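Summary of the model geometry
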Amino acid sequence: MKIKICGLRRPEEADVVRACGGDYLGAVFALSPRQVDVLQAQSLFAAAGSVGRVGVFQNAPLAQVQEIAQVCQLDLVQLHGEENEAYARAVGRPVLRSVPVTPGEALAKALLQRSGYAGLLLDTKLPGQSGGTGKTFAWAELQALRREAKSPLWVAGGLTTANVAEAIQLLRPDGVDVSGGVESSRGVKDCAAIAAFIAAARQAEEEYLAEPYCGEQTPGSGRSET
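Now for a description of the structure that goes with this document. None of the values given here were measured: they were computed from a predicted structure. (Residues numbered from 1 in each chain as written. Predicted model: local features only at pLDDT ≥ 70, side-chain atom pairs only at ≥ 80, totals over all residues. Heavy atoms only, no water.)

Quick look at the packing of aromatic side chains now. On inspection of all chains with the given rule, the structure shows two aromatic pairs. Ring geometry for F29 against F57: centres 5.2 Å apart, planes inclined by 15 degrees, an arrangement best described as stacked. Of the two residues, F29 is situated in the loop between β2 (24–28) and α2 (38–48) and F57 in strand β3 (residues 52–57); the sequence distance between them amounts to 28 residues. Across the pair, F57 and F29 agree in class, each one buried. (Phe/Tyr/Trp six-rings, centres within 6.5 Å; stacked < 30°, edge-to-face > 60°. Helix = DSSP H or I, 4+ residues; strand = E, 2+ residues; numbered from the N terminus. Buried < 20%, exposed > 50% of the residue type's maximum accessible area, 1.4 Å probe, protein only.)

Now for the side chain of S151. Note that S151 resides in the loop between β6 (119–124) and β7 (153–155). Of note is the side chain of S151, whose polar atom sits 3.4 Å from the backbone nitrogen of Y117. (Polar contact = N/O pair within 3.5 Å; in protein donor to acceptor, adjacent residues only side chain to side chain.)

Our focus in this paragraph is helix α3 (residues 62–72). Within α3, the full set of buried residues consists of V65, I68, A69 and C72. Around the axis of α3, the buried residues are gathered within 100 degrees of arc, so they sit on the same side. In this structure, α3 carries A63 and E67 as exposed residues pointing more than 90 degrees from its buried face. Packing partners of the buried residues in α3 comprise α2, β3, β4 (76–79) and α4 (85–90). Backbone geometry just downstream of α3 places Q73 in the positive-phi region, at approximately 50 degrees. (Arc of directions from axis to C-beta. Contact = heavy atoms within 4.5 Å.)

Any two side chains of opposite charge can pair, given that their charged atoms come close. Following the criterion strictly, the structure yields 10 salt bridges and no others. The salt bridge involving E183 is made with R34; its shortest N-O contact spans 2.6 Å. In this pair, E183 sits in strand β9 (residues 183–185) while R34 sits in the loop between β2 and α2, placing the two residues 149 residues apart along the sequence. One exposure class covers both E183 and R34, and it is buried. Between D174 and R146 there is a salt bridge whose closest N-O contact spans 3.3 Å. Of this pair, D174 sits in the loop between α6 (164–171) and β8 (175–178) while R146 sits in the loop between β6 and β7, and the two are 28 residues apart along the sequence. Exposure remark for D174: the relative accessible area of 0% places this residue in the buried category. Taking the relative accessible area as the measure of exposure, R146 reaches 1% and is therefore buried. (Salt bridge = Lys/Arg side-chain N within 4 Å of Asp/Glu carboxyl O.)

So this is what it looks like as structure tokens:
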């Protein structure tokens, strides 16, 4: 299982991700309180060493995404808007595709059956916000759909040190992604919280991912190895 810390803005935050064994860090290029420019992102990635590099975009011009991906040597491009599959293929990098989950509404099975992505990222959607809401969705309600995922499944949306184990237990994700849950204020990461989140996720991984899923065989969805 992969662990991604998203929305970093300071090199010291990136260094904590590296030191604590995080797998990816995310630089947000979309409009957001966590937005960074290319120079800031390069500084983050330099501090993170070999940690995977993710750039987060939302409805940006394709040429801009391609340029930033090249300059920053991104390992993953995370798409959080209405970008279609042709756009995703043209990016030229592995794509982590956001799948919006609206509380109180059923998730369309077809959204999980899209293949060819590096991952499908379940994230809470609220009016006027497509991600970064800091709100969870009903993980238990998606257990039955977990087996429908045709690409590795990631979970985001309101994750914290206190609840990440439950999300891992219920959904057995291939990756978890946190931003607001490790912040002291919006857009400002708490380095101690980053370390605690990574430790909690790793402990939950050891406790749950080796067990059968809901008493049955663990679903094969292209799970990444740690």
